[in-house]
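# A look at the structure
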Amino acid sequence: MKMTRSTDYAIRVLIFAASHPTRLVQIQEVATHYDISKNHLMKIVHSLSKFGLIISVQGRNGGFKLAKSPETITLGEIVHLFEEVSYLENVTVPNKNGSLQNTRQAFDQAFMSFTDALQAYTLQDLIAPTMID
């Protein structure tokens, strides 16, 4: 499975925020730290805020921080929010029986097993103790 860039960036944004729990983090900091486009990160931060994983504060001294404890945010949750469930959603060629429903279900079930396995890992597990300020 190949994760989207959005999922990768969402994980990075959350790790950075979790590593700086005592203050608001600014998008530019994350962009500079990971050498990522600020414009792309703005979309990711907006989505993370909409999903309730971060709290965003507008204004000159604004930024964002985790909305929940890093021990309660799992990799499975993040991946599930940013990745499409069905990989065969756009397939239009039917199989011999005229349907790809069983194939779609198999891939959807495999994806759910993948995200379920990631439920065992929290954001806290990904933070190196020396990264926290």
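Everything here concerns the structure above.
So, here's what we can say about the structure. Note that the coordinates shown come from a computational prediction; the quantities given were computed from them, not determined experimentally.

## A few points about the overall build of the protein chain
A tally of regular secondary structure across the protein chain gives six helices and two strands. Mapped in sequence order, the helices and strands of the protein chain form the string α-α-α-β-β-α-α-α. Put simply, the protein chain has 133 residues, and 35% of those count as buried. In the protein chain, the share of contacts with a sequence separation of at least 24, taken over all contacts with a separation of at least 6, comes to 67%.

## Notes on the pattern of salt bridges
All chains considered together, the criterion is met by three salt bridges. Of the charged contacts in the structure, one is a salt bridge between R23 and E29, with a shortest N-O distance of 2.9 Å. In this structure R23 comes out as partly exposed when scored by relative accessible area, which is 30%.

## Quick look at the pairing of strand β1 (residues 54-57)
For β1 and strand β2 (residues 63-66), the ladder comprises four bridges, and the chain directions are antiparallel. Of the residues in β2, the one forming a bridge with I54 is L66. Remark: five residues form the turn of the hairpin made by β1 and β2, two consecutive strands paired antiparallel; G59 in that turn has positive phi of roughly 115 degrees.

## Looking at unusual backbone geometry
The phi angle at D35 is positive, at roughly 55 degrees, despite the residue not being glycine. Position of D35 relative to the elements: it lies in the loop between α2 (27-34) and α3 (38-50).

## A closer look at the packing of aromatic side chains
For the structure shown, the criterion picks out two aromatic pairs. Between F16 and Y34, the aromatic rings sit 6.4 Å apart at their centres with planes inclined by 70 degrees, giving edge-to-face as the arrangement. With F16 in helix α1 (residues 5-19) and Y34 in helix α2, this pair connects stretches of sequence that are 18 residues apart. Look at F51 and F82: their rings are 5.5 Å apart centre to centre, the planes differ by 90 degrees, and that puts the pair in the edge-to-face class. Within this pair, whereas F51 is found in the loop between α3 and β1, its partner F82 is found in helix α4 (residues 75-82), the two being separated by 31 residues in sequence.

## Some words on the environment of L75
Of note, L75 is situated in helix α4. On a C-alpha basis, the gap between L75 and T115 in space is 7.7 Å, while along the polypeptide they are 40 residues apart. Residues contacting L75, with those up to four places away along its chain left out, are I11, L118, Y121 and L126.

## Side note on the packing of α1 against α3
Contact geometry for α1 and α3: axes closest at 10 Å, N-to-C directions at 75 degrees. It follows from the interaxial angle that α1 and α3 lie roughly perpendicular. Only H40, L41, I44, V45 and L48 of α3 make contact with α1, whose side of the interface consists of R5, S6, Y9, A10, V13 and L14.

Calculation rules
Residues numbered from 1 in each chain as written. Predicted model: local features only at pLDDT ≥ 70, side-chain atom pairs only at ≥ 80, totals over all residues. Heavy atoms only, no water. Helix = DSSP H or I, 4+ residues; strand = E, 2+ residues; numbered from the N terminus. Buried < 20%, exposed > 50% of the residue type's maximum accessible area, 1.4 Å probe, protein only. Contact = heavy atoms within 4.5 Å. Salt bridge = Lys/Arg side-chain N within 4 Å of Asp/Glu carboxyl O. Pairing = 2+ DSSP bridges. Phe/Tyr/Trp six-rings, centres within 6.5 Å; stacked < 30°, edge-to-face > 60°. Axes fitted to C-alpha atoms, helices over the stretch in contact; angles between N-to-C directions. Parallel < 35°, antiparallel > 145°, perpendicular 65-115°, else oblique.

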